[in-house]
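# Secondary and tertiary structure notes
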Amino acid sequence: MAVEIRTIVPDEMDAWAEAVMAGFHAHARPGEGPWRRNRVDYERSSVAVDGGRMVGTCLLYTSPSPRDP
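A quick note: this is a predicted structure, and the numbers were derived from the prediction, not measured.

Basis of the calculations
- Residues numbered from 1 in each chain as written.
- Predicted model: local features only at pLDDT ≥ 70, side-chain atom pairs only at ≥ 80, totals over all residues.
- Heavy atoms only, no water.
- Salt bridge = Lys/Arg side-chain N within 4 Å of Asp/Glu carboxyl O.
- Buried < 20%, exposed > 50% of the residue type's maximum accessible area, 1.4 Å probe, protein only.

### A look at the pattern of salt bridges
In the structure shown here, the tally under the stated rule is two salt bridges. Linking R6 and E4 is a salt bridge whose minimum nitrogen-to-oxygen distance equals 3.5 Å. Since its relative accessible area comes to 25%, R6 is described here as partly exposed. E12 serves as the salt-bridge partner of R6, at 2.7 Å between the closest nitrogen and oxygen. Residue classification places E12 among the buried positions, given a relative accessible area of 17%. A network of salt bridges, in which partner residues are shared, links E4, R6 and E12.

In short, geometric facts, not functional conclusions.
Shown next as structure tokens:
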């Protein structure tokens, strides 16, 4: 089976956060889901799924330009 690369949806935030933290040999903190949901640009956040399991993540944060007032 091929690894699927796709964007995430808000309902997947807890599983996505757990996959992110696994890369740092840690676990997402309980209750972080709402905080993350409000700060993530879902169109710029991706996940690699293998056999129904999230095995890789990518997140691009939007930030203002230093030249913006």
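The structure having been displayed, the exposition proceeds.
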